[in-house]
Amino acid sequence: MSRVINFYLLSYSIGSLKREKYKNIFLFVVISLLVALLASTFFLSNAMKSEYNTLIDTYPDIVLQNQKAGVAATIESSIADKLLLLDGVKNSEARVYGSYYFNHADSELTIIGVNMFTPSCSSFINDLMQKHSLHRGEILVSSNVKNLFNNYYYKEYFNFIKSDGSLKKMQIDEVFKNSKNFFNKNTLVMLKSDARDIFDYKEYEARDIAIDVANRDEVVSIALKIKRLYPHMNVITKEDLQVEYENLYNFKSGFFLTIFIISFFTFFIIIYDKLSGLNGEKRREIGILKAIGWRVGDVLNAKLYEGAILSLSGYLTGIILAFVYVYLLNAPLLKNIFLYSNNLLKDYTIHLSVEYETLALLFFLSVPIYIVATIIPSWKIATLDADEVMR
Amino acid sequence: MIELKNVSKEYEGGVKALNRVSLKFTEGEVVVLKGMSGSGKSSILSLIAGLCKPTEGEVVVDGKHISKLADHFATSFRRENIGMIFQKYNLIVDLSVQENILLPLVPLNLKNDELEKRLNRELERSNLVSKKDIQVKKLSGGEQQRCAIARANSNNPKIILADEPTANLDEKLSLEFIASLCEMKRENRTIIIATHDPLFFDLDFVDRIVEVGYGKIV
Ligand SMILES: Nc1ncnc2c1ncn2[C@@H]1O[C@H](COP(=O)(O)OP(=O)(O)OP(=O)(O)O)[C@@H](O)[C@H]1O
Ligand SMILES: [Mg+2]
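Student: Mind showing me how you'd approach the overall build of chain B here?
Tutor: Helix and strand content of chain B: 6 helices and 10 strands. Along the first, second and third principal axes, the C-alpha atoms of chain B reach 45 × 40 × 35 Å. In chain B, buried positions account for 55% of the 218 residues. For chain B, the exposed area adds up to about 9400 Å²; of that, 49% sits on carbon and sulfur atoms. Taken as two groups, the 31 positive and 31 negative side-chain charges of chain B have centres that lie 4 Å from each other.

Spelled out as structure tokens, the structure:
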């Protein structure tokens with residue numbers, strides 16, 4: 001085989017592709033679509049995974065939840081103070097927070113209650129409270145929420161509807177930057193007393209207790225200790241949550257598996273068809289080429305170009321399609337499969353992140369395999385005696 | 001100089017196509033191999049071209065032991081020294097005339113102007129200039145044969161091997177073909193024609209007629 005690219009050979013290969021135009025266009029389309037499908041799935045799932053991970057990073061080490069009849073119930077705030085006395089507990093907080101459905105915008109807001117003078121278990125809240133002060137009847141909103149309110153003409157005040165149907169008017173005080181994580185986008189912050197009012201909690205009630213531990217290694221033993229103190233309650237560690245998210249994620253992977261099986265099966269059929277040999281016409285052509293002085297290497301080089309042109313262009317087109325679909329069009333349809341809640345869906349824009357591993361994986365699963373499958377049958381014919389063309 | 005020394009060829013399935021054949025062709029000679037169908041004419045050409053290997057004996061072309069060369073080197077030898085013309089033309093019918101003519105030169109990766117030069121030479125000689133971009137399958141039989149000759153000549157071979165070159169041609173076209181052979185002879189090429197077309201048997205530029213019968217030289 002010659003060392004530099006032989007452009008005559010290349011144009012012969014392009015000519016061969018053109019001679020079977022419809023078949024090759026079909027193959028190109030199938031390869032592009034397969035790569036696009038797999039790449040989109042990978043891109044989206046990786047984006048989701050990193051979102052989940054950044055979200056979990058913001059969680060406290062341990063959460064204590066009360067439950068009644070198996071359903072999460074409010075918990076007594078005073079438990080937080082008792083837990084603070086345990087060895088190894090750095091901080092504990094009775095949290096008052098929850099979602100509030102803003103029906104005009106069909107959006108879910110996350111209300112977080114704070115105390116001005118006691119530190120929270122969330123570094124995000126602590127940072128926020130250093131920069132802003134809050135009084136009764138005031139809310140701090142993220143820029144996202146601010147826009148949402150503006151759209152519905154809530155410029156200075158917002159009226160929350162309490163559980164008894166009465167209104168609670170709150171002054172929109174300051175705006176903070178959106179959290180990068182999309183799960184935290186629609187956040188608004190108010191004093192715990194106000195939050196209790198909206199969620200209809202009693203004064204001594206909280207949603208749960210967040211506990212931060214001084215030493216990460218002690219999380220499990222402290223969690224056990226807490227469980228012994230409150231055997232009827234739910235103790236959830238950060239790790240449990242991680243597993244929970246992963247399970248949620250693996251549930252989606254049934255969908256993954258289907259896509260993989262379909263893709264591989266389709267690709268397998270293509271490869272099988274390629275490997276199953278050449279028709280008489282193609283065999284004769286190889287015989288002719290050998291008779292007029294093409295070496296086996298020349299024939300294989302031509303086939304290599306042929307396979308490479310088709311599979312590489314198919315691969316690249318597929319990747320470009322996936323980029324456009326996921327990052328420019330924001331993955332319509334596919335997104336619905338990954339994001340269970342409609343509210344999350346609406347606001348979720350996918351952050352561009354190029355995963356070279358994904359690109360490489362798809363490349364090696366498609367291009368070299370296709371090329372080899374193109375070469376092998378020709379190699380089998382080319383190494384036979386060429387005198388059959390004489391007959 | 002081409003020499004077959006005690007060559008036998010047995011194909012798979014036990015068909016003995018040649019049985020201890022010895023033959024010599026000198027440079028610039030025009031030889032007609034005649035004989036019945038199945039007598040082994042094509043096999044002789046295949047062996048000289050290095051397209052297959054003898055079961056026994058040796059084939060020596062220009063001092064090279066063709067029959068002992070590995071496929072890679074036999075092919076190199078063929079592409080530098082041999083032009084082949086077949087009964088069924090063996091053109092690639094979906095390609096154009098010029099693509100077919102240039103096909104033997106593709107692996108050589110020649111300079112563009114050299115390629116151009118050879119293409120024009122062969123197009124003119126075969127009178128196919130106006131048809132150069134036409135697909136071979138749209139040509140008439142005579143044009144296809146001319147294209148096949150042009151292809152065989154494009155690598156400037158010293159040896160031309162023609163297997164039943166006129167079997168698909170009418171008399172007028174056959175005579176045209178013979179005229180072009182005559183021209184090749186003037187260029188001092190060695191030409192071996194396997195045929196049973198009687199037209200070849202009383203041509204003045206043919207130096208020798210060899211009769212092959214059941215794997216033997218008669
Ligand atoms: N590749 C092959 N495999 C098996 N048998 C073969 C092969 N090539 C030729 N033969 C047999 O060898 C014998 C000689 O064949 P060859 O083609 O050399 O004869 P030929 O003189 O050229 O005949 P024709 O005039 O019909 O072209 C025939 O019996 C043929 O069937
Ligand atoms: Mg024959």
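Student: How should I be thinking about the site of ligand 1 in this particular structure?
Tutor: By nearness alone, 14 residues border ligand 1, and B:Ser37, B:Gly38, B:Lys41, B:Ser42 and B:Ser43 come closest of all. Mapping the residues adjacent to ligand 1 onto the chains of the assembly identifies chains A and B. Between ligand 1 and the protein, one listed contact pairs an oxygen atom with a backbone N or O atom of B:Gly38 at 2.7 Å. Contacts to ligand 1 include B:Gly40, whose backbone N or O atom sits 2.9 Å from an oxygen atom. Relative to its free-state accessible area of 630 Å², ligand 1 is covered by the protein chains to the extent of 75%.

Student: I keep staring at the packing of aromatic side chains and nothing clicks. Help me out?
Tutor: For any pair of aromatic rings, the description rests on two quantities: the centre-to-centre distance and the angle between the ring planes. All names here are of chain A. Under the defined criterion, the tally for this structure stands at 20 aromatic pairs over all chains. Centroid distance tyrosine 100 to phenylalanine 160: 5.0 Å. Interplanar angle 75°. Geometry classified as edge-to-face. Here tyrosine 100 is found in strand 5 (residues 97-102), whereas its partner phenylalanine 160 is found in strand 8 (residues 157-161), with 60 residues between them in sequence. Both residues of the pair, tyrosine 100 and phenylalanine 160, count as buried. Seen from their ring centres, phenylalanine 363 and phenylalanine 364 are 5.3 Å apart, and the 85° between their planes marks the pair as edge-to-face. A relative accessible area of 54% means that phenylalanine 364 is categorised as exposed.

Student: So what exactly am I meant to see when it comes to the environment of A:Ala331 here?
Tutor: All names here are of chain A. With respect to the helices and strands, alanine 331 occurs in the loop between helix 10 (296-328) and helix 11 (334-338). Separated by 288 residues in the primary sequence, alanine 331 and phenylalanine 43 have C-alpha atoms spaced 9.8 Å apart. Residues in contact with alanine 331, not counting those within four places in the same chain, are Leu44, Tyr325, Val326 and Ile350.

Student: How should I be thinking about the sheet that holds strand 1 (residues 2-10) of chain B in this particular structure?
Tutor: Hydrogen bonds between backbone atoms are what pair the strands of a sheet, whose relative direction is either parallel or antiparallel. All names here are of chain B. Ordered by their spatial adjacency, 4 strands build an open sheet running 2-1-4-5, and the pairing between neighbours is antiparallel. In this open sheet, the two strands that pair with only one neighbour each are strand 2 (16-25) and strand 5 (64-65). Pairing analysis gives 5 bridges linking strand 1 to strand 4 (residues 56-61), with the strands arranged antiparallel. Bridging across to strand 4, glutamate 3 finds its partner in valine 60. In this fold helix 1 (residues 41-49) packs onto strand 1, strand 2 and strand 4, with an angle of close to 60° to the strand it touches most, strand 2.

Student: Quick question: what am I supposed to make of the packing of helix 1 (residues 7-19) of chain A against helix 10 of chain A here?
Tutor: The axes of two packed helices give the description: the angle between them and the distance between them. Residues and elements named next belong to chain A. Across the interface, helix 1 lies against helix 10 with an axial gap of 9 Å and an inter-helix angle of 60°. Our classification of the angle between helix 1 and helix 10 gives oblique. Along this stretch, helix 1 crosses helix 10, giving a crossing that reads as right-handed. Where helix 1 approaches helix 10, its residues Leu9, Leu10, Tyr12, Ser13, Ile14, Ser16 and Leu17 are matched on the opposing element by Asp298, Asn301, Ala302, Tyr305, Glu306, Ile309 and Leu310.

Student: Would you explain the side chain of A:Lys274 in this entry?
Tutor: Tracing the sequence through the fold places A:Lys274 in helix 8 (residues 238-275). Residues within four places of A:Lys274 in sequence aside, it is in contact with A:Leu27, A:Tyr370, A:Ala373, A:Thr374 and A:Pro377.

Student: Explain the interface of chain B and chain A here, please?
Tutor: Where interface size is given, it is often the accessible area lost as the parts come together that is meant. Chain B puts 33 residues into the contact, and the matching count from chain A is 27 residues. When the two sides are added together, the surface that chain B and chain A hide from each other amounts to roughly 2700 Å², 56% of it contributed by carbon and sulfur. For the chain B face of the interface with chain A, the top three residues by lost area are B:Leu51, B:Val106 and B:Asn109, together amounting to 20%. Where chain B packs against chain A, one counts 2 salt bridges. Linking chain B with chain A are 12 residue pairs in polar contact (both at pLDDT 80 or more). Top contributing element to the side of chain B that touches chain A by residue count: helix 2 (residues 71-81) of chain B, with 6 residues. Residues of the side of chain B that touches chain A, tallied by class, amount to 16 nonpolar, 8 polar and 9 charged.

Criteria and thresholds
- Residues numbered from 1 in each chain as written.
- Chains lettered and ligands numbered in written order.
- Predicted model: local features only at pLDDT ≥ 70, side-chain atom pairs only at ≥ 80, totals over all residues.
- Heavy atoms only, no water.
- Helix = DSSP H or I, 4+ residues; strand = E, 2+ residues; numbered from the N terminus.
- Buried < 20%, exposed > 50% of the residue type's maximum accessible area, 1.4 Å probe, protein only.
- Areas by Shrake-Rupley, 256 points an atom, 1.4 Å probe, with all protein chains shown as cover.
- Lys, Arg positive; Asp, Glu negative; His and termini not counted.
- Charge placed at Lys NZ, Arg CZ, Asp CG, Glu CD.
- Near = heavy atom within 4 Å.
- Polar contact = N/O pair within 3.5 Å; in protein donor to acceptor, adjacent residues only side chain to side chain.
- Phe/Tyr/Trp six-rings, centres within 6.5 Å; stacked < 30°, edge-to-face > 60°.
- Contact = heavy atoms within 4.5 Å.
- Pairing = 2+ DSSP bridges.
- Axes fitted to C-alpha atoms, helices over the stretch in contact; angles between N-to-C directions.
- Parallel < 35°, antiparallel > 145°, perpendicular 65-115°, else oblique.
- Left-handed = near helix turned anticlockwise from the far one by under 90°.
- Buried area = accessible area lost by both parts, 1.4 Å probe.
- Salt bridge = Lys/Arg side-chain N within 4 Å of Asp/Glu carboxyl O.
- Nonpolar A, V, L, I, M, F, W, Y, C, P; charged D, E, K, R; others polar.

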